Amino acid sequence: MSKGFLLVVSGPSGCGKGTICKELLRRNKDLIFSVSATTRKPRIGEVDGKNYFFIDKEKFDSMVARGEFLEYANVHNNSYGTPKKFVIDNIGKGEIVLLEIDVQGALQIKSVYPEAVFIFILPPSMEELKNRIIKRGTETKKDIDIRLKNALKELKFVDEYDYFVINDKVSDAVENIEAIITAERLKVKRHKNLLKKINIQEG
Ligand code: 5GP
């Protein structure tokens, strides 16, 4: 059996990582999305248990206290965390688990799970990033300012990642991530008893 691994996708607000991940999951049924918990209020159309587990701060803090998160962070004044058990169980089954999380979370994952694959989504330009955040229109003026400020901070962390993908056109970005997944799947270290598996006898 090939070993499962974590695919961590980050990028500043407005870079389009949500759209990219959605399309990636639509095209690759064998990828599993890790649904995060958050204290943020749901946006219109978001579904509890699908987009996020929407929980209150008290529940979030009790999950932190019980060690139920693989990583967690405060992002744009809300708490977000990756439920540990779901990820560990699926990696154990040999699955590829997709995490769409911020840079603070990615760095935590890197320290406990360095064999994860880290991809950073970049906007085509800073101008375009601003337009996208404003155009989305789901945030208040104050939230937009916070997200823009955080975007500038987040971009500086690109050096911590294994790969970058520029989101000029969603389908191109998705294809690039698929190429990364294919290459990672073919890494010898991700396979136990490789020769036996492909039916080649040693000696
Ligand atoms: P949004 O509120 O726009 O859905 O997400 C805001 C930010 O939180 C995004 O950068 C997203 O990647 C990040 N995020 C979502 N889930 C998690 C999580 O479980 N952990 C961390 N650290 N960040 C998360």
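A quick note: this is a predicted structure, and the numbers were derived from the prediction, not measured.

Focus on the pairing of strand S1 (residues 5-10)
Here's step 1: When you tally the buried positions in S1, you get six out of six residues, the bulk of the element.
Here's step 2: A two-sided burial pattern is seen for S1, the buried positions comprising Phe5, Leu7 and Val9 on one face and Leu6, Val8 and Ser10 on the other.
Here's step 3: Bridge analysis of S1 against strand S7 (residues 96-100) gives five bridges, and the strand direction is parallel. Counterpart to Leu7 in the pairing with S7 is Leu98.
Here's step 4: Of the pairings in the sheet, the one linking S1 to strand S8 (residues 117-122) comprises four bridges and is parallel in character. Within S8, the residue paired with Leu7 across the bridge is Val117.

As for the sheet that holds S8
Here's step 1: Across the sheet, five strands lie side by side as S2-S7-S1-S8-S9; this open sheet has parallel pairing. At either margin of the open sheet sits one strand with a lone partner, and together these are strand S2 (31-33) and strand S9 (163-166). The sheet shows a mean angle of 25° between the axes of neighbouring strands, taken without regard to direction.
Here's step 2: Against the sheet, helix H7 (residues 170-185) makes contact with S1, S2, S7, S8 and S9, and its axis sits at roughly 160° relative to S9, the strand it touches most.

Details of the packing of helix H5 (residues 126-136) against helix H6 (residues 141-155)
Here's step 1: Here H5 crosses H6 at 145°, and the two axes come no closer than 10 Å. Once H5 is placed against H6, the crossing between them reads as right-handed. On H6, the residues touching Met126, Leu129, Lys130, Ile133, Ile134 and Arg136 of H5 are Ile144, Arg147, Leu148, Ala151, Leu152 and Leu155.
Here's step 2: For the contact of H5 with H6, the class distribution of residues is nine nonpolar, no polar and three charged.

Some points on the site of the ligand
Here's step 1: Taken together, 17 residues sit near the ligand, with Ser36, Arg40, Tyr52, Tyr80 and Asp102 positioned nearest.
Here's step 2: Residue Arg147 places a side-chain N or O atom 3.2 Å away from an oxygen atom belonging to the ligand.
Here's step 3: Protein chains shield 95% of the accessible area of the ligand, which is 510 Å² for the free molecule.
Here's step 4: Secondary-structure elements contributing two or more residues to the shell around the ligand are strand S5 (69-75) and strand S6 (78-83).
Here's step 5: Grouping the amino acids of the shell around the ligand by side-chain chemistry returns five nonpolar, five polar and seven charged.

Cut-offs applied
Residues numbered from 1 in each chain as written. Predicted model: local features only at pLDDT ≥ 70, side-chain atom pairs only at ≥ 80, totals over all residues. Heavy atoms only, no water. Buried < 20%, exposed > 50% of the residue type's maximum accessible area, 1.4 Å probe, protein only. Helix = DSSP H or I, 4+ residues; strand = E, 2+ residues; numbered from the N terminus. Pairing = 2+ DSSP bridges. Axes fitted to C-alpha atoms, helices over the stretch in contact; angles between N-to-C directions. Contact = heavy atoms within 4.5 Å. Left-handed = near helix turned anticlockwise from the far one by under 90°. Nonpolar A, V, L, I, M, F, W, Y, C, P; charged D, E, K, R; others polar. Near = heavy atom within 4 Å. Polar contact = N/O pair within 3.5 Å; in protein donor to acceptor, adjacent residues only side chain to side chain. Areas by Shrake-Rupley, 256 points an atom, 1.4 Å probe, with all protein chains shown as cover.

Everything listed is a geometric property; what it means functionally is a separate question.
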